[in-house]
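# Descriptive structure summary
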Amino acid sequence: MRQNDSQIIHGSVSAAAAVQSHPYLRIHRKKMHYAWVICIACTLMMYCNSGITDGMFSVYSPFILEKYSISNTQISLLMTVKSVSSLLAVIFSGIYYKRYSLRIGGLAATILCGSSFVVFGFADRMPIFLLASVMLGLGNGLGTNIPITMLYGLWFNEKRKLAMSITTFAGSIGLIGLPQLITHIIEGASMRTAFLMNAALVFAVMLIVFAIMRNKPEDMGLKPYGAGTEQPKDINASESKYAEKADERELSRHDWLFLAPSCVAIGIICCTSYSFFTLFLKNEGVSSAVIAGLLTVTGVSVGAGKLSYGWLADRFGSYICNRIYFGALISGITLLTLCAHNKHILFIATVLMGFGSPLGSVGFVSWAWDLGGHMSAEAIRKMQIALYVGMMAFSFIPGVVADLCGGSYRGMYMLYAILGIPTFLAIQYLYRRKGLSKIRQSM
């Protein structure tokens, strides 16, 4: 009996040891790499400097227009000033981040965004609104894609697209629930109270970011995520060839003749179309409550689009993603212009337009990583400059046209849909030219 007990105990210990040594369990016992904490920090920073700032500006615009008797042209001017400030910030971001670390530079950018809401809250005339727009633009340009892609270049050797999808998703979180809350606060209390609450939220999140952000893995005695890992055995020959030649690719002048105008167009379509979305709906007779609800729907669909982009790009390739996202964006805007008075179609159009809009965030970053090779960091900076040029050059035009057309923005949205077609064709041409039309991306 004792011998049998001993055999049972020995067998149990052996089984436990075998279970503990199972590769799956060994992987899941590993401590989470700090790169994913950096992803959390970047996500929160994107939330402060893009999600809250960009999303909320669209909510406040009709109330500013009504309370201070500002024209559509002046509202467009505020957006143009913000775009110009963001552009200048991106242009000089290289000098800025050579002087300051990514952690300190990101902190200063977030302080600018939070402070801009304080200035907006106390503004009562156009020059003060312009000052707040400058602060908002500088913070947005210095505290979003540029430092985040630099941080991911330092912290991630693998799964950068997934991390970027998670981070850009934060840009849409600011649209989920907050529009109704802000509208309720403005109508129930005051616009100043709403602005100051936004500022308080930005500053609170900023403290968390500063506490967990680190500049590079070497500062903590770590290596980047995925450093030293072996290639999966199931990667086929074409994918291995792609991986080997990834660092050899770079963008030629011929490529930039197609890519730069495409990024300008993306800035026009994805950025200015949303900035005037609230005013478009208002002029079509949609109520404030429905508009707030549609902004939340937009936030959910944008978030779904951003989260799924990284997974789809890793699984099927960005070439396939471009078909899906351009198709959704163009069809959504088209439905919006043709059927704005039909609530059901308006809902569908809002979902499609929101789902396709990540082309202006995670989409163009993925293009840079795919097409730019070892020069992808510089490609991202140049492409973002082109995107801001589109925002800057076009953000003033819709308000002027609306004033000339009795307040209607329908013609401008029709132009957005038409502009999306050659932009899609140009990007797909570059993917075919680089031989990336049938290869699953694994970067």
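The following refers to the structure shown.

Rules used in this analysis
- Residues numbered from 1 in each chain as written.
- Predicted model: local features only at pLDDT ≥ 70, side-chain atom pairs only at ≥ 80, totals over all residues.
- Heavy atoms only, no water.
- Salt bridge = Lys/Arg side-chain N within 4 Å of Asp/Glu carboxyl O.
- Helix = DSSP H or I, 4+ residues; strand = E, 2+ residues; numbered from the N terminus.
- Buried < 20%, exposed > 50% of the residue type's maximum accessible area, 1.4 Å probe, protein only.
- Core = buried A, V, L, I, M, F, W, Y, C linked by side-chain atoms within 4.5 Å.
- Contact = heavy atoms within 4.5 Å.
- Disulfide = S-S within 2.5 Å.
- Axes fitted to C-alpha atoms, helices over the stretch in contact; angles between N-to-C directions.
- Parallel < 35°, antiparallel > 145°, perpendicular 65-115°, else oblique.
- Nonpolar A, V, L, I, M, F, W, Y, C, P; charged D, E, K, R; others polar.
- Left-handed = near helix turned anticlockwise from the far one by under 90°.
- Phe/Tyr/Trp six-rings, centres within 6.5 Å; stacked < 30°, edge-to-face > 60°.

The subject of this paragraph is the pattern of salt bridges. Pairs can form between side chains of opposite charge whenever their charged atoms are close. Scanning the entire structure with this criterion turns up five salt bridges. The salt bridge partner of Arg410 is Glu284, with a shortest N-O separation of 2.6 Å. Of the two residues, Arg410 sits in helix α21 (residues 410–433) while Glu284 sits in the loop between α14 (277–283) and α15 (288–316), which places them 126 residues apart along the sequence. For Arg410, a relative accessible area of 27% gives the class partly exposed. What makes Glu284 buried here is its relative accessible area of 10%.

Right, let's talk about the nonpolar core for a bit. Nonpolar side chains in soluble globular proteins generally cluster together in the buried interior. Counting residues in hydrophobic clusters, the biggest one holds 119 residues, and the most contacted among them are Tyr60, Phe156, Leu281, Leu336, Trp367, Met383 and Tyr413. Residue contacts for Leu281: discarding those within four places in its chain leaves Val286, Ile291, Leu294, Leu336 and Leu346.

A separate point is the state of the cysteines. A full pass over the atoms with the stated rule returns zero disulfides. Free of any disulfide, Cys42 has its nearest cysteine sulfur in Cys39, 6.9 Å distant.

What follows is about the packing of helix α4 (residues 72–91) against helix α20 (residues 397–404). Geometrically, a packed helix pair is captured by the angle between its two axes and the distance between the axes. Contact geometry of α4 with α20 gives a least axis separation of 7 Å together with a crossing angle of 175 degrees. With respect to their mutual orientation, α4 and α20 come out roughly antiparallel. Mapping the contact onto sequence places Asn72, Thr73 and Ser76 in α4 and Pro398, Gly399, Val400 and Asp403 in α20. Broken down by class, the residue content of the contact of α4 with α20 amounts to two nonpolar, four polar and one charged.

Interhelical geometry of helix α13 (residues 253–275) versus α21 gives an angle of 145 degrees and a closest axis separation of 9 Å. Between α13 and α21 lies a crossing of left-handed hand. Contacts between α13 and α21 involve His254, Asp255, Phe258, Leu259, Ser262, Ala265, Ile266, Ile268, Ile269, Thr272, Ser273 and Tyr274 from the first element and Tyr413, Tyr416, Leu419, Gly420, Thr423, Ala426, Ile427, Tyr429, Leu430 and Arg433 from the second. Of the residues assigned to the contact of α13 with α21, the class counts are 14 nonpolar, six polar and two charged.

Attention now moves to the side chain of Thr110. Within the secondary structure, Thr110 is located in helix α6 (residues 102–122). The contacts of Thr110, once residues within four sequence positions are left out, are Met45, Cys48, Asn49, Val202 and Met206.

This next bit is on the packing of aromatic side chains. Summed over all chains, the structure comprises 22 aromatic pairs. Measuring from centroid to centroid gives 6.1 Å for Phe120 and Phe129, while their planes differ by 45 degrees, and the two rings are tilted. Phe129 carries the same exposure label as Phe120, and that label is buried. Ring geometry for Phe326 against Phe424: centres 5.4 Å apart, planes inclined by 55 degrees, an arrangement best described as tilted. Separated by 98 residues along the polypeptide, Phe326 in helix α16 (residues 318–338) and Phe424 in helix α21 bring together distant segments of the chain. Residue Phe326 is classed as buried on the basis of its relative accessible area of 1%.

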